[in-house]
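Residue strings, one per chain:
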Amino acid sequence: MFEIRPLLGVLVNYRWTLKTHGGLSKVLRMSEASTDQQTAKLLKRSKEENEDSSERLQATKKVKTDENTEDEKRYPKKKVVLLMAYSGKGYYGMQRNSGNSQFRTIEDDLVTALVKSGCIPENHGDDMKKMSFQRCARTDKGVSAAGQVVSLKVRLIEDIVEKINEHLPAQIRVLGLKRVTQGFNSKNNCDARTYSYMLPTVAFSPKDYDTAKIAAFRLEAETLQRANRLFSLYKGTHNFHNFTSQKAPSDPSARRYITEMACGEPFVSSDCEFAVITVRGQSFMLHQIRKMIGLVIAVIRGYAKEEVMERSWGQEKVDVPKAPGLGLVLERVHFDRYNKRFGGDGLHERLDWCREEEAIKAFKEAHIYPTIVETECQEGSMVSWMATLPIHDFETTAGETRENKDQKQENADEGNESD
């Protein structure tokens, strides 16, 4: 009797444990089921929100696509050329410097204006190859242009020239637009370029002249004739490896063809006498024109003998001085072969700018010439450069020391070729 009671107690306790734990297990199972339901609801809600967001994004893209499609239908892209004029002061040349926005160029402002006016899609502004963009000539830092031409595809919106100019600074203008063939490339189709170089005539003064008296100097007719005789020596095809950087005498690309080069009659502006040198050639290398002018000035001033010019396009290295860039202006680019082939086909216009001549002249008189004269009178870039002529050695081959010094300057200007 006494042995059975403990056993009954154990059985009662065991049944109570099973009952209690079974209820707990049921509660746990109910809790897990509730959690699973909540998780499922959250996942379903998240999926629905993602689907809704995706639908809204697709709808937005569709609207933008529809808008772009509508714009393209209304304004299909066509190949054109733009006639440009600009004052280069304050700009690091024509061509954009990819990834180097601190050095502002003419093309930076042009592309911005093209995007803002709606002529090109915004997403093409960083890669103008998509618009087949090409400039006819690359101009150096500070160099101006009165007849630069660029080719590209644009949407032909109404009043396109006016709308582009609305987003350009006053010192950059688009003066004309013409349709061209789909395969047209302004650089490759260009037959020749004409540049001008405006300088104070004191540049042709004797070496013992006091250049501080720049306003008193007047160029004599005999000196002008001699300068033009020297400039005429450049006509024809020569090896201009000494008139640029990093060109070997054996490099075929150093041979360039010059058709015209002469200095015009002097004139007075702001009490100082100036003259304009005009040069036309098929193409020009980096700093070539400035060095051509610099060498003639050195001969006229008496620092070099005339024979140095013949020697300069020979095989040996010659120390050729480089005139300042301030007065250099791209006047005009020529498309004679294109005009002959397509200009009379009844479908395309000739690439000449007779109707724009007045606008070109007005821009030069308002923005280019005053800037050159004012800057020259205030900063004296030509007179300062003339003071460096005595350190050039024109009698012998350029020494290694001088060549290294020049090379540092050339390397600093790389990437801004005139052509």
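About the criteria used
- Residues numbered from 1 in each chain as written.
- Predicted model: local features only at pLDDT ≥ 70, side-chain atom pairs only at ≥ 80, totals over all residues.
- Heavy atoms only, no water.
- Axes fitted to C-alpha atoms, helices over the stretch in contact; angles between N-to-C directions.
- Helix = DSSP H or I, 4+ residues; strand = E, 2+ residues; numbered from the N terminus.
- Parallel < 35°, antiparallel > 145°, perpendicular 65-115°, else oblique.
- Left-handed = near helix turned anticlockwise from the far one by under 90°.
- Contact = heavy atoms within 4.5 Å.
- Nonpolar A, V, L, I, M, F, W, Y, C, P; charged D, E, K, R; others polar.
- Core = buried A, V, L, I, M, F, W, Y, C linked by side-chain atoms within 4.5 Å.
- Buried < 20%, exposed > 50% of the residue type's maximum accessible area, 1.4 Å probe, protein only.
- Pairing = 2+ DSSP bridges.
- Phe/Tyr/Trp six-rings, centres within 6.5 Å; stacked < 30°, edge-to-face > 60°.

## Digging into the packing of helix 4 (residues 221-232) against helix 5 (residues 288-300)
Contact pair helix 4 / helix 5: the axes reach a minimum separation of 10 Å and the direction vectors enclose 135°. Between helix 4 and helix 5, the crossing angle belongs to the class labelled oblique. Crossing of helix 4 over helix 5 shows right-handed handedness. Residue-level inspection shows Thr223, Arg226, Ala227, Leu230 and Phe231 of helix 4 in contact with helix 5, the latter providing Ile293, Val296, Val299 and Ile300. A breakdown of the residues in the contact of helix 4 with helix 5 according to their chemical character gives seven nonpolar, one polar and one charged.

## Concerning the nonpolar core
With 102 residues, the main nonpolar core has Leu152, Phe204, Phe231 and Tyr234 as its most contacted residues. If one sorts the elements of this core by residue count, helix 5 sits on top with nine residues. Here Leu152 is in contact with Lys78, Lys79, Val80, Leu82, Leu114, Ile120, Met128, Met131, Ser132 and Phe133, once residues within four sequence places are set aside.

## Concerning the pairing of strand 5 (residues 192-200)
The element strand 5 is extensively covered by neighbouring structure, given that nine of its nine residues are classed as buried. Burial along strand 5 is two-sided: Ala192, Thr194, Ser196, Met198 and Pro200 and Arg193, Tyr195, Tyr197 and Leu199, pointing in opposite directions, are all buried. Note: strand 5 against strand 10 (residues 328-334), six bridges, orientation antiparallel. Across the sheet, the residue bridging to Thr194 is Arg332, located in strand 10.

## Considering the pairing of strand 7 (residues 255-263)
Side chains on a regular strand alternate between the two faces of the sheet. Across four bridges, the pairing between strand 6 (residues 236-239) and strand 7 is antiparallel. Looking at strand 7, one finds that Gly236 is bridged to Ile258. In terms of strand pairing, strand 7 meets strand 9 (residues 272-281) through five bridges, oriented antiparallel. The residue of strand 9 that forms the bridge with Ile258 is Gly281.

## Some details on the packing of aromatic side chains
The tally for this structure, following the rule as stated, stands at 12 aromatic pairs. On the numbers, 4.7 Å between centres and 65° between planes, the contact of Tyr92 with Phe103 is edge-to-face. Taken together, the residues span a long stretch of sequence, with Tyr92 in the loop between strand 1 (77-86) and helix 2 (106-116) and Phe103 in the loop between strand 1 and helix 2 at a distance of 11 residues. Taking 6.0 Å as the distance between ring centres and 85° as the angle between the ring planes, the aromatic pair formed by Tyr234 and Phe243 counts as edge-to-face. The same class applies to Tyr234 and to Phe243, which are both buried. Members of the aromatic cluster, connected to one another through ring pairs, are Phe184, Phe335, Tyr338 and Phe342.

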